[in-house]
Amino acid sequence: MLYPMSAAQSLTINGGAPLRGSIEVRGAKNLVSKAMVATLLAEEPCRLRGVPEISDVEIVSGLLRLHGVEITSEADGELRFDPTQVEQAHVADIDAHAGSSRVPVLFCGPLLHRLGEAFIPDLGGCKIGERPIDYHLKVLREFGAVVDKRPEGLRLTAPGGLVGTKVTLDYPSVGATEQVLLTAVRARGTTELKNAAVEPEIMDLIAILQKMGAIISVATDRVITIEGVARLGGFDHLSIPDRIEAGSWAAAALATKGDIYVKGAQQLPMAQFLNVFRKVGGRFEIDDDGIRFWHPGGELNSIVMETNVHPGLMTDWQQPLVVALTQTSGLSIVHETVYENRLGFTKALGEMGAHIQLYRECLGGSPCRFGARNFEHSAGIWGPSPLKGAKITVPDLRGGFSYLIAALAAEGTSEVDNVGLIYRGYERFSDKLDALGADYSVTG
Ligand code: EPU
């Protein structure tokens, strides 16, 4: 294990100093974990490059190994997979992984193709909303899967095999789109998916599947057509970089009045983030290898910000940006339209001196599916508010990184507990804090 895994670990942070320096982001967590699942469909070895050292990769590796996939780790973030001996894992072994991630639900289609049955443990992942899997089960049934809900998880079979179908998603869910892709590529006949998610990580997964032999067309109106093929080969792929991590460090530069060069950050997948960063008053400079983000001095502008599915502003940037918005002058509005409960983390920011009020109404301008319901999914943020150190506990992955930013921006000392969770998606973040001159120590 190359990175600390203790969930109980705490950081004592002396904040109030700008973060300055250079760090690098590697492959996107939300692509790498899915690319790893895609190896289950391959009848030849696969090679994935740019893999970050994060605990989500460990979790998916563990599940793949249980299913007979041999994985070897090479230097410099390269994983090699031999999926030629895929086999059914023991339920008790799979169950030991229960609650650790949401990725196992994507094993359904590939395992049904390879083995004719699949067992999926209860899912984990961040508690940022209910996060049901109803779309996943609906589409799997449309392909011909039979789903048996058991106390310890789900057992799926496909007595007549999996057959291409026409599917329309109620909402462009990332996971359900991936479920359709990973199932349709080897289903009999053609599948048409309407209202698909089109995030860059999904396009990169499609690129991998095409390398393996899949036939997939993406239209401009959220329609993806997949012509099933009888077999898929291996792939060699360099993951797209992690734009969520890049945006998180950019928000840290803004909140701490710092200057951070993020090697690996790319302009196009971050276009909406860059628009927001510029409107707030942050400065950035793009070159071929990365993006430099900095606070130019003086006041920052308050803004209205709404999250949405791609090509909108991604929800995963919302939490780090909210910390930066506590330092803008005037009233900022945030409307979270992807998850009903992704603003709960702001309570602790209030205890650190931020002025944040949550609302059930849709405040950003566009009505969303959480309006007129009992979800506090909009926020008003008054600033600038000097933040002061506090004792805070990491609630979820992105909220956790946001607490680190708040503690680094705050005057005085903070104790941030449960930081192990942050390793799920931020590679070697303590090394990066060192590179940026942060003043902190690790306990636990
Ligand atoms: N939804 C349903 N039913 C379903 C599936 C989704 O109601 O069957 C709802 C969710 O509850 C949510 C919305 O649809 O309100 C969007 O969920 P989506 O399926 O798009 O999200 P996901 O696939 O579970 C991935 C990322 C998330 C990221 C979202 C949105 C992974 C492993 N996770 O989740 O990443 O926020 O897409 O872009 O790829 C993170 O990295 O911190 C993270 C939470």
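Refer to the preceding data block for the structure.
Computed from a predicted structure; not experimentally measured.

Caption draft 1: Inspection of the side chain of S385 at higher detail. Relative to the elements of secondary structure, S385 occurs in the loop between β21 (378–383) and β22 (391–393). Excluding residues within four positions of it along the chain, S385 makes contact with T326, Q327, G353, A354 and H355.

Caption draft 2: Just the site of the ligand, in detail. Inspection of the region around the ligand gives 23 residues, with K34, D134, S173, V174 and V338 positioned closest. Here an oxygen atom of the ligand and a side-chain polar atom of R102 are 3.4 Å apart. Between the ligand and the protein, one listed contact pairs an oxygen atom with a side-chain N or O atom of S173 at 2.6 Å. Notes on the ligand: free accessible area 830 Å², of which the protein chains cover 92%.

Caption draft 3: Structural view of the sheet that holds strand β23 (residues 412–417). Within the open sheet, the four strands sit side by side as β22-β23-β1-β24. Their pairing is mixed. Looking at the sheet topology across the chains shown, the edges are occupied by β22 and β24 (439–443). Recorded for the sheet is a direction-independent mean angle of 20 degrees between the axes of neighbouring strands. In this sheet, β24 lies alongside strand β1 (residues 10–15) in antiparallel orientation, the contact comprising five bridges. Across the sheet, the residue bridging to I13 is Y440, located in β24. Across the sheet, helix α12 (residues 397–409) is in contact with β1, β22 and β23; its angle to β1 comes to roughly 35 degrees.

Caption draft 4: Just unusual backbone geometry, in detail. Cis peptide bonds are those with omega within 30 degrees of zero, and the linkage from H310 to P311 qualifies with 15 degrees. For the bond from G383 to P384, the omega torsion is 0 degrees, close enough to zero to count as cis. Mapping P384 onto the fold places it in the loop between β21 and β22. Backbone geometry at D76 places phi at a positive 60 degrees, although glycine is not the residue there. Counting through the fold element by element, D76 comes out in the loop between β4 (70–74) and β5 (78–82). The backbone of R428 shows a phi angle near 40 degrees, a positive value even though the residue is not glycine. Mapped onto the elements, R428 comes out in the loop between β23 and α13 (429–435). The partly exposed category is assigned to R428, whose relative accessible area is 30%.

Caption draft 5: Molecular detail of the pattern of salt bridges. For the structure shown, the criterion picks out 27 salt bridges. As a salt-bridge pair, E44 and R231 come within 3.6 Å of each other at their nearest N and O atoms. Here the residue E44 occupies a position in the loop between α1 (29–38) and β3 (46–49), and R231 occupies one in the loop between β12 (224–227) and β13 (236–238), the gap between them amounting to 187 residues. By relative accessible area, R231 is classed as partly exposed at 43%. Between R428 and E53 there is a salt bridge, with the nearest N and O atoms lying 2.9 Å from each other. Remark: E53 occurs in the loop between β3 and α2 (55–66) and R428 occurs in the loop between β23 and α13; sequence separation between them is 375 residues. When salt bridges with common partners are traced through the structure, they connect R47, R49, E74, E78, R80 and D236 into a single cluster.

Criteria and thresholds
Residues numbered from 1 in each chain as written. Predicted model: local features only at pLDDT ≥ 70, side-chain atom pairs only at ≥ 80, totals over all residues. Heavy atoms only, no water. Helix = DSSP H or I, 4+ residues; strand = E, 2+ residues; numbered from the N terminus. Contact = heavy atoms within 4.5 Å. Near = heavy atom within 4 Å. Polar contact = N/O pair within 3.5 Å; in protein donor to acceptor, adjacent residues only side chain to side chain. Areas by Shrake-Rupley, 256 points an atom, 1.4 Å probe, with all protein chains shown as cover. Pairing = 2+ DSSP bridges. Axes fitted to C-alpha atoms, helices over the stretch in contact; angles between N-to-C directions. Buried < 20%, exposed > 50% of the residue type's maximum accessible area, 1.4 Å probe, protein only. Salt bridge = Lys/Arg side-chain N within 4 Å of Asp/Glu carboxyl O.

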